[in-house]
Each structure stands twice: as C-alpha cells, then as structure tokens.
Amino acid sequence: MKVLVLNSGSSSLKYQLFDCGDWRALASGLIARIGEPNGELRQTWLNANGATQTRQDTLPISSHEVGIDHIISGLRASGALADVAELVAIGHRVVHGGPNFSQPMIVDDAVAAEITSVIPLAPLHNPGHLAGIAVARQLFPSVPSVAVFDTAFHQTMPPTAYRYALPEFLYTEHRIRRYGFHGTSHHYVAKRAAIMLGKPLAQCNLITLHLGNGASACAIRHGRCVDTSMGLTPLEGLVMGTRCGDIDPAVAIYALKNLGLDAEGIDQLLNRQSGLLGICGVNDMREIDRLAAAGDERAELALGMTAHRLKKYLGAYSAELGTVDAIVFTGGIGENAVGIRQRACADLERLGIAIDTALNAARESNGERRIHSATSTVQVLVIPTNEELEIAQQAFATVTA
Ligand code: AMP
C-alpha cells in the first residue's frame, strides 16, 4: 500500500510517494512552469538496490492533468509504483480550510465546494490545490483524494485567540478571524517532540517555531494548539523572508492615501517586498549571516529584528501556557540558522530557557537534537520537519479509519 502526496500550486506540482509499511519515501519530484513551453519535470526515486536516482526533463506541460499523467508515468517507469491500484490515498496539501475543517477530509463535491468558498481568503493557493484535486479525482476515481489543511491543527484555538477586535459582522458575515498556517508542520514536530520528551503529546506544553521563508510560532497546551502567530492570511506574526509580519495596520492606510498604492500594490509591498528582503535587500538567511559577519549594518538589523520578534512570541506564549516543556525549532532557518536560535533564546533564563552554545553550534548533526544547557528547565529542541510524511500519514489514517 502506498500514498501519493501532491502539493499542487497554480503552475507547479510537487509530489512524494510513501510506502505505508515503513513510511519510506519511495520517490519524489516536481513539475514547474505548467502552461509554459519550457515546463520542467524532475524526478527522484530509489532503485531496486536502494540507491537514489534522478532524472530531469524540459518539455511543455500544458495542464495539471498532463502534469499528473507525467508523474504517474514516471513512477511506473521507475518501478516505484507498479500500478495505481497500489495507492490507498492521494493526500493533497491545502493551505486554507476556512473555519469548518479541523481534520483531513476525503474530498467529495461538498468538500471541494467548501475549499472553493474560501478562495477569497487564499487566492494564491487554493485555486492551484483545487486544480490538482479535480484532476486526481477525475483520473483516479477509485483512489480517495484526501485534503490535509494547513489551518486544521489551529482549529482548537479559543475565540479569545482567534477573534480580532473588529466589528462582529466581519467575523459572522465575512469569516474574518485568525486561522493560522503551517499546521501540518507544527503538528508533526509536536508529535516528534513528545517522543523526545518521553510522554504523550496530550501531556505536553510546547512552543513550536516553524522558521522558513514563511515563519510562524504556535503555542500548544496539552497537545492542542491554543495560539499561533499567523492570522487571516500567512502575513501576520514573525518577520519572514519577504513578509512583514506584525505591523500597525495603519501602515496600509498610509500607503493607500499617500503612496498612490492600490490594493494590489499594498499586497505586493507587505507580502513580497518586506520582511528580511525589505530590511536588508536579501531574504536568504545564509547570505544575511555572511553579510552581518562582514559588518553589514542592515543585515545585522535584519537578524536583530528577527530575533526580537521571536523573543516577543516566546515571552507571550510562555505567559499564555504557564508551563513550557519544550521549544522546538524547525524549518530551513529553525533547523540550520545557529545565530537566530542563539539570539532568540538569549537572556531568557528568567523564563527557564537557556541554550548550550556548543550544542547549538554543533553542525555535524542534522537530525533531531537537544540544544539546551543543563540549567534550562525548558528543553530546546531542533526537529527537522516533514510535512509530506505528515500529510501521507494523515491521509492514510483518514481512509483506513
Ligand atoms: P524553508 O522555507 O523552510 O525552505 O527555509 C528557507 C530559509 O532557510 C531560507 O531563508 C534559507 O536561507 C534558510 N536556510 C537554509 N539552510 C540554511 C543554513 N544552512 N543556514 C542558515 N539558513 C539556512
């Protein structure tokens, strides 16, 4: 039995195939530039000897349907999938599930309609997901398509955390509230953290920090999300690669009135030109680290602001949770950026948080690890995320429940 995980964007498709026995990734790949003449198909798979093989092709891929057809043909040719009948489910990443989905859902027409209805809340993501889901359902009607939502894990937030202090009709009539994102990743690392802590997730209080190009923090009490930093959209919260995170909303009003920007211009400004890129002109953390080490003041400011915002959330969530068992760093920056972890956790001994400088800097270990000092009452963990595996396991659990 195997599960195929699809992350379908407006012009791209990423996929991974898992064996449901040992949860090994048997194959993965991506299709880019759907609809353009120079489409790209990249495939990686394990051959019969367990060695990794890769193949890359440039060819026109006119639609998601043609793309998914290529993926299945490639999986067959490589031997990773002998027959589509081996698939017990296709798990689809869906960024926005709106207010009603707190669990993965087998997609039927009603579920597809609900995902469609929240397109205004995720205009860049949900249409691409729906395209992939529609093709999968049409091509493989006997294989259940399971939607796994980035928002689902955060559905346990209480209204005190998810409501905005705005007029009630915006919530009741327009569904404007905080939803949170990266839920699949927060949930995955929380489960791994519980194993490292040696107790059930339902007994764990955690602060999980997913720090990649997009970044979010999550406060988890007794295994359930009680607060998260992203809101109606993935713009709120931490300083991100190109997104501003928390700002005074009056900045948008100022830009509207004084900079001649329309809604699209403000969207670009806050989502694509801000964050690390806006502060120092670069959004790759490795480059920012290099620049700061060479004395670049803007890069230093970007690091300082990123850590300052993280510290604020660590303080706020520590206060909210009362007791914290562990802080978890994950995502490209969380897993690799030694300096950001050090700065974010510096001078937090009063909160019981103390990093061990040597453990934090140990680069030889890329797996799950502890980086706190012996005096730290809060464990500080680095846990590589694996959203695709989490989607595969949730899809499998959904169809076999
Ligand atoms: P993600 O969105 O999770 O893929 O994370 C992307 C971010 O991780 C980028 O800002 C990268 O610069 C950062 N990143 C990846 N590897 C490293 C590394 N070795 N050191 C610092 N940052 C890294």
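The sections below set out a description of the structure shown in this document. (Residues numbered from 1 in each chain as written. Predicted model: local features only at pLDDT ≥ 70, side-chain atom pairs only at ≥ 80, totals over all residues. Heavy atoms only, no water.)

### Considerations on the nonpolar core
Nonpolar side chains in soluble globular proteins tend to be buried together.
Okay, step 1: Core analysis: the biggest nonpolar cluster contains 46 residues, and L209, L211 and I288 have the highest contact counts within it.
Okay, step 2: Mapped onto this core, the elements with two or more residues apiece are β9 (206-211), β10 (215-221), α9 (275-280), α10 (285-293), α11 (297-321), β12 (326-330), α13 (338-345) and β14 (379-382).
Okay, step 3: Examining the composition of this core, we find that eight residues originate from one element, α11, more than from any other.
Okay, step 4: Apart from the residues lying within four places of it in its own chain, the contact partners of L211 are L238, L310, F329, T330, G331, G332, I333, G334 and I340.
Okay, step 5: Counting residues in hydrophobic clusters, the runner-up holds 34 residues, among them V88, A161, A194 and V328. (Core = buried A, V, L, I, M, F, W, Y, C linked by side-chain atoms within 4.5 Å. Buried < 20%, exposed > 50% of the residue type's maximum accessible area, 1.4 Å probe, protein only. Helix = DSSP H or I, 4+ residues; strand = E, 2+ residues; numbered from the N terminus. Contact = heavy atoms within 4.5 Å.)

### Comments concerning the side chain of E387
Okay, step 1: Examined against the element boundaries, E387 turns out to sit in helix α15 (residues 387-400).
Okay, step 2: For the buried E387, which has no salt bridge, the nearest side chain bearing the opposite charge is R93, at an N-O separation of 4.8 Å.
Okay, step 3: Aside from chain neighbours lying at most four places away, what touches E387 is T184, S185 and H210. (Lys, Arg positive; Asp, Glu negative; His and termini not counted. Salt bridge = Lys/Arg side-chain N within 4 Å of Asp/Glu carboxyl O.)

### Considerations on the packing of aromatic side chains
Here the distance between the centres and the angle between the planes together describe a pair of aromatic rings.
Okay, step 1: Under the defined criterion, the tally for this structure stands at four aromatic pairs.
Okay, step 2: Ring centres 6.1 Å apart and planes at 40 degrees place the aromatic pair Y162 and Y171 in the tilted group.
Okay, step 3: By relative accessible area, which is 25% here, Y171 ends up partly exposed.
Okay, step 4: Seen in terms of ring centroids, Y313 and Y317 are 5.6 Å apart; in terms of plane orientation they differ by 75 degrees. Their pairing is edge-to-face. (Phe/Tyr/Trp six-rings, centres within 6.5 Å; stacked < 30°, edge-to-face > 60°.)

### Points about helix α8 (residues 263-272)
Okay, step 1: By the burial criterion, the buried members of α8 are G265, I266 and L270. Taken down its axis, α8 places every buried residue within 120 degrees of arc, on the same side.
Okay, step 2: On the buried face of α8, the contacting elements are α7 (250-258). (Arc of directions from axis to C-beta.)

### As for α13
Owing to its 3.6 residues per turn, the α-helix brings residues three or four apart onto one side.
Okay, step 1: Along α13, the positions that sit buried rather than exposed are V338, I340, R341, A344 and C345.
Okay, step 2: D347 sits one or two positions beyond α13 and adopts a positive phi of about 60 degrees.

### Some points on the pairing of β10
Okay, step 1: In terms of residue burial, β10 counts as a mostly covered element, since six of its seven residues are buried.
Okay, step 2: Note that β9 and β10 share six bridges and pair antiparallel. Residue pairing in the sheet places L206 in a bridge with I220 of β10.
Okay, step 3: Joining the antiparallel neighbours β9 and β10 is a turn of three residues.
Okay, step 4: What sits between the antiparallel neighbours β10 and strand β11 (residues 224-228) is a turn of two residues, in which H222 has the positive phi angle 50 degrees. (Pairing = 2+ DSSP bridges.)

### Considerations on the packing of helix α6 (residues 183-197) against α15
Okay, step 1: The geometry of α6 relative to α15 is characterised by a closest axis approach of 9 Å and an angle of 90 degrees between their N-to-C directions. Classified by the interaxial angle, the pair formed by α6 and α15 is roughly perpendicular. From α6, T184, S185, H187, Y188 and K191 reach across to α15, where they touch E387, L389, E390, I391 and Q394.
Okay, step 2: Taken together, the residues that form the contact of α6 with α15 break down as three nonpolar, four polar and three charged. (Axes fitted to C-alpha atoms, helices over the stretch in contact; angles between N-to-C directions. Parallel < 35°, antiparallel > 145°, perpendicular 65-115°, else oblique. Nonpolar A, V, L, I, M, F, W, Y, C, P; charged D, E, K, R; others polar.)

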